[in-house]
Amino acid sequence: MLKGFKDFLMRGNVIDLAVAVIIGAAFTTIVTSFTDGLIKPLINSAGGTKAAEGLGFRIIGTNPSTFMDFGTVINAAVNFVIVAAIVYFVIVLPVKHIQERRKRGQEPGPSEPTDVELLTEIRDLLRQQQSR
């Protein structure tokens, strides 16, 4: 049963799908909290006339809705880089390593059905067709 599960995981795009889910769900929340709580205050301290406005400027000085916030953009970029690095080093590299070992023959790949299993399946399908 575990071998079948392992074979399922190592097929096709299952790993790519898992990476997408992890990026979208788990790491994003953690990294966003980290960058909002620790990185963004550092970026905001670099500029701005008011501490709450951070790194940026107002296009129209009296209108607060015209503030161009470069700190938020930089924060989002830092957030993305951290998430991408975590996913790459925790998931992508180990999976590539396993796939390379399989190519070298050090670890068995997904199991193929044997001739007997295929013939049994064909026999069962033929019986189903005859009974209809």
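Treat the numbers as computed from the prediction; the structure is a model and nothing was measured.

(A) Broad picture of the side chain of Asn79. Along the polypeptide, Asn79 turns up in helix H3 (residues 70-104). Discounting chain neighbours no more than four positions away, the residues touching Asn79 are Thr28, Val31, Thr32 and Thr35.

(B) Here's a closer look at the packing of aromatic side chains. Within the structure shown, the criterion is met by one aromatic pair. Between Tyr88 and Phe89 the ring centres are 5.2 Å apart and the planes differ by 80 degrees, which places this aromatic pair in the edge-to-face class. Here Tyr88 falls in the partly exposed class, since its relative accessible area comes to 34%. On the accessibility criterion, Phe89 (55% relative accessible area) is exposed.

(C) Representation of the pattern of salt bridges within the structure. All chains considered together, the criterion is met by one salt bridge. A salt bridge links Arg123 to Asp124, with the nearest nitrogen and oxygen atoms 3.2 Å apart. For Arg123, a relative accessible area of 39% gives the class partly exposed.

(D) Representation of the nonpolar core. In terms of nonpolar packing, the biggest core is built from five residues, these being Ile15, Val19, Val87, Ile91 and Val95. With three residues, H3 is the single largest residue contributor to this core. Aside from chain neighbours lying at most four places away, what touches Ile91 is Ile15, Val19, Ile22 and Ile86.

(E) A look at a nonpolar patch on the surface. Taken together, the side chains of Phe57, Ile59, Ile60, Met68, Phe70 and Ile74 make up a nonpolar region of the molecular surface, amounting to roughly 540 Å² of accessible area. Considering the arrangement of structural elements, one finds Ile74 in helix H3. Given the relative accessible area of 37%, Ile74 is considered partly exposed.

About the thresholds
- Residues numbered from 1 in each chain as written.
- Predicted model: local features only at pLDDT ≥ 70, side-chain atom pairs only at ≥ 80, totals over all residues.
- Heavy atoms only, no water.
- Helix = DSSP H or I, 4+ residues; strand = E, 2+ residues; numbered from the N terminus.
- Contact = heavy atoms within 4.5 Å.
- Phe/Tyr/Trp six-rings, centres within 6.5 Å; stacked < 30°, edge-to-face > 60°.
- Buried < 20%, exposed > 50% of the residue type's maximum accessible area, 1.4 Å probe, protein only.
- Salt bridge = Lys/Arg side-chain N within 4 Å of Asp/Glu carboxyl O.
- Core = buried A, V, L, I, M, F, W, Y, C linked by side-chain atoms within 4.5 Å.
- Patch = residues over 30% accessible without salt bridge, like charges linked within 9 Å, V, L, I, M, F, W, Y side chains within 5 Å.
- Areas by Shrake-Rupley, 256 points an atom, 1.4 Å probe, with all protein chains shown as cover.

Note that every value here comes from positions in space, so none of it alone points to a role or purpose.
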